[in-house]
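Structure assessment
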Amino acid sequence: MSVRPLLTLAVLRLIWLAILLPSLIRIGYEFTWILDQPIESVLQRADTLDLEQLALFLMASPFRLLAQLALYRIALEIAVVLLVPTPAEAASRNWLTRAFRRLFVLGPFSTQRWLQGVWIAFLVTWIAFVILTAPSRLDAYARALGEQGQLSYVSVYARFVLPVLAIVNDLVELALARGVIEVATRVLPHGSSTKRKKSLGMNILLIGSGGREHALAWKLAQSPRLAKLYAAPGNPGIAECADIVALDVADHDAVARLCRDKQIDLVVVGPEAPLVAGLVDALAAFDIPAFGPSAAAAALEGSKGFTKDLCAEAGIPTAAYGRFTDAEAAKAYAREQGAPIVVKADGLAAGKGVTVAATIDEALAAIDDCFAGAFGEAGAEVVVEECLVGEEASFFALTDGETVLPLATAQDHKRVGEGDTGPNTGGMGAYSPAPIMTPELVERTLDEIIRPTVKAMRDRGTPFQGVLYAGLMITDAGPKLIEYNVRFGDPETQPMMMRLDSDLVDLLYATATGGLSGVSANWREESALTVVMAAQGYPGAYAKGSAIDGIGAADGLSGVKVFQAGTGLQDGRLVANGGRVLNVTATGATIAEAQALAYEAVDRIVWPEGFCRRDIGWRAISDRGVR
């Protein structure tokens, strides 16, 4: 935030304190005076207190002062939103700290119910004043009319003009209060009430444009809790489930404004980049619930070195490693450890920053690539680690920072070539559940990896809320953590959403608002498998703009859903607009049945410029028989 908005925010906060502190003192005095009056005295005075005195007491009472203070507060919050794009600090997760900051530091406070309450308070006190003072005002007019011959200019002003001005003043104050609250309902972000969400439909904003987000949108749209689903930037497939909104998701102020304008109750962040960039923190500053971790907690994916250090501190099983910001030191460590060895760019590299080096020369070349800028800033630091031996699996769990809710297991195929050969990709296919993840291994993963991670993050003061996607290596010694992702996997989400039998809105909202305790997730017994169709040349250079036909024919098969990833519209026709373009997903009683149905659907799609692997799920089928 620039200096000018910060100065504006500081001035508005000083104004608020100048209003708040004297008002609190006066309100305290009023309450004290009322409480100090003996009940006998009040009863004795009740018969002699005329209506105008009673009305004046009501208008000067602490309740009236509170209503006026609330109006000032709302007006200043409007000024903050209009003049200062985003509060300078993120909201604290501690309720006491958050309450103090909201009251004294002018943090976001107003909700729709709060605005309605302030309006009712103004309206009731105003009506009470008019009704209770009407007799004395009418009496004054009657006396004035009877004494017209004796009236002076002063008495005319006192008896005619002043009462009229008082009425006009009352009307202006009422209109001003109504106007401020009307503006507030349109300008201020509104907080969310868990109780309200149980009965009313929710407006949800989904951030992302890939196949993962299409799968999430498809599942969210099935919820009876959903009122309206928006997506940004979206794709043609997501547009079938949601209203696409024009939005730069990297502009956090713009996202917050959209949430205000659309009255968004929950933001679901799909990809990792906005999480690492702090989008959830920006939304939290306006009390907009968001599914996903804070920027500090997203370091579990944003920095592989951070995750390795946390594992070392918490005793979480993982590969031995070294962190380096110098190429020569990293090479020396690689030579010392020997091949095979793994070289990882520390930061986000779209799933392409990992090299499993079979030889030292390959490892040294990978280190050079990282420091030469092949992965941009992500390669400014390098992690060199032991090459674990075993079978890979993915494990997903939701957590609100305290409670851990296990979801599902999956396995993906990262290599571009059949038989898991060739360069790494973002994923060429996946299936769920992962047969290797027995109930015993699931429990060990929870006890040895997931729960210790959640505790360690909480103990650091950066509690993790969202989905933990653990990439595991199942070794002879048990599960070991390869890496964490802080969002749903892509393409693992696609088969998982096909199997999920619970309301996704309930699960994500409970996670975002700290309400996971007592929540469960139900899954269909069937298996699901997705085949990624990619543009020729991927993961290298590829062309965009080739036409795609036959998706309707593929979707027409029972148990099949084609999720769109890198797609676009050109003259009304669906075209490829990325590397990984389609995720053809199918269900079946076994992985083998799901595989057969998925490839039947693939064969209905007409896209000569695309390709796919024809062996997705091969390990689950061949190693352990037909499953």
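Residues numbered from 1 in each chain as written. Predicted model: local features only at pLDDT ≥ 70, side-chain atom pairs only at ≥ 80, totals over all residues. Heavy atoms only, no water.

Under an unreviewed UniProt entry, the name given to the chain is Phosphoribosylamine--glycine ligase, and the organism recorded is Bauldia litoralis. If you open the UniProt record of the chain and go to Sequence similarities (unreviewed entry), you find "Belongs to the GARS family." Annotation of the chain in UniProt includes, under Pathway (unreviewed entry), the sentence "Purine metabolism; IMP biosynthesis via de novo pathway; N(1)-(5-phospho-D-ribosyl)glycinamide from 5-phospho-alpha-D-ribose 1-diphosphate: step 2/2." (UniProt positions renumbered as here; feature names shortened; annotations may be inferred.)

Scanning the chain from N- to C-terminus turns up 22 helices and 22 strands. The proportion of buried residues among the 627 residues of the chain is 52%. For the chain, restricting intrachain contacts to residue pairs at least 6 apart in sequence, the fraction spanning at least 24 positions comes to 72%. Looking at the chain as shown, the accessible area adds up to about 27500 Å², and 58% of this sits on carbon and sulfur atoms. (Helix = DSSP H or I, 4+ residues; strand = E, 2+ residues; numbered from the N terminus. Buried < 20%, exposed > 50% of the residue type's maximum accessible area, 1.4 Å probe, protein only. Contact = heavy atoms within 4.5 Å. Areas by Shrake-Rupley, 256 points an atom, 1.4 Å probe, with all protein chains shown as cover.)

Checked against the element boundaries, Gly550 lands in the loop between β17 (527-535) and α20 (551-555). A relative accessible area of 24% places Gly550 in the partly exposed class. In this structure the C-alpha to C-alpha distance between Gly550 and Ile605, which are 55 residues apart in sequence, comes to 4.3 Å. Here Gly550 is in contact with Arg604, Ile605 and Val606, once residues within four sequence places are set aside.

This part covers the sheet that holds strand β7 (residues 341-345). Across the sheet, 4 strands lie side by side as β6-β9-β7-β8; this open sheet has antiparallel pairing. In the strand order of this sheet, the two ends are held by β6 (321-324) and β8 (354-357), each with one partner. Averaged over all neighbouring strand pairs, the angle between strand axes comes to 15°, with direction disregarded. Note that β7 and β8 share 4 bridges and pair antiparallel. Following the sheet pairing, Val342 is matched in β8 by Val356. Contacts from helix α14 (residues 304-314) reach β6, β7, β8 and β9 (382-386) within the one sheet, and its direction differs from that of β6 by about 140°. (Pairing = 2+ DSSP bridges. Axes fitted to C-alpha atoms, helices over the stretch in contact; angles between N-to-C directions.)

A word on the sheet that holds strand β5 (residues 290-291). Spatially, 5 strands are ordered β3-β2-β1-β4-β5 in an open sheet, and the strand pairing comes out parallel. Each edge of the open sheet is held by one strand with a lone partner, namely β3 (243-244) and β5. Bridge count for strand β4 (residues 266-269) against β5 is 2 bridges, and the pairing is parallel. Considered in β5, the bridge of Val267 is made with Ala290. On top of the sheet, helix α9 (residues 211-220) reaches β1 (202-208) and β2 (226-233); it is set at about 170° to β1, its chief contact. Across the face of the sheet, helix α10 (residues 252-262) comes into contact with β1, β2 and β4 while running at roughly 155° to β1.

A separate point is helix α15 (residues 327-337). Here α15 has its buried residues at Ala327, Ala330, Lys331, Tyr333 and Ala334. When α15 is viewed along its axis, its buried side chains cluster within an angular range of 160° and face the same direction. If you follow the buried residues of α15, they end up packed against β6, β7, α16 (360-371) and β9. Of the residues flanking the start of α15, the one acting as N-cap is Asp326, its side-chain oxygen 3.2 Å from the backbone nitrogen of Glu328. Taken from the residues just after α15, Gly338 is the one with a positive phi, measuring 85°. (Arc of directions from axis to C-beta. Polar contact = N/O pair within 3.5 Å; in protein donor to acceptor, adjacent residues only side chain to side chain.)

Glancing now at the side chain of Ser432. Here Ser432 shows up in strand β14 (residues 429-432). Among the polar contacts listed, one links the side chain of Ser432 to the backbone oxygen of Thr409, at a separation of 2.7 Å. A polar atom in the side chain of Ser432 sits 2.9 Å from the side chain of Arg499. Residue contacts for Ser432: discarding those within four places in its chain leaves Ala408, Thr409, Ala410, Pro495, Met496, Arg499, Ser527 and Ala528.

This part takes up empty space enclosed by the protein. Here the structure, examined in full by the defined rule, presents 3 cavities of 30 Å³ or more. Roughly 60 Å³ of internal volume is contained in the second largest cavity. Leu300, Glu301, Lys304, Thr307, Lys308, Cys311, Thr318, Lys344, Leu481, Ile482, Glu483 and Tyr484 together form the lining of the second largest cavity. Secondary structure elements with two or more residues in the lining of the second largest cavity: α13 (299-302), α14 and β16 (478-485). Residues that form the lining of the second largest cavity fall into these classes: 5 nonpolar, 2 polar and 5 charged. (1 Å grid on protein atoms, 1.4 Å probe; cavity = no way out; pocket = protein on both sides within 12 Å on 5 of 7 lines; lining within 4 Å. Points joined across faces, edges and corners; volume = space filled by probe spheres on them. Nonpolar A, V, L, I, M, F, W, Y, C, P; charged D, E, K, R; others polar.)

Within this structure, the stated rule accounts for 5 aromatic pairs. Taking 5.5 Å as the distance between ring centres and 75° as the angle between the ring planes, the aromatic pair formed by Trp218 and Phe563 counts as edge-to-face. Pair noted here: Trp218 is in helix α9 and Phe563 is in strand β18 (residues 560-564), with a separation of 345 residues, a long-range link. Each ring, one from Phe324 and one from Tyr333, has its centre 5.3 Å from the other, and the planes form 50°; the classification is tilted. Under the relative-accessibility criterion, Tyr333 is labelled buried at 16%. (Phe/Tyr/Trp six-rings, centres within 6.5 Å; stacked < 30°, edge-to-face > 60°.)

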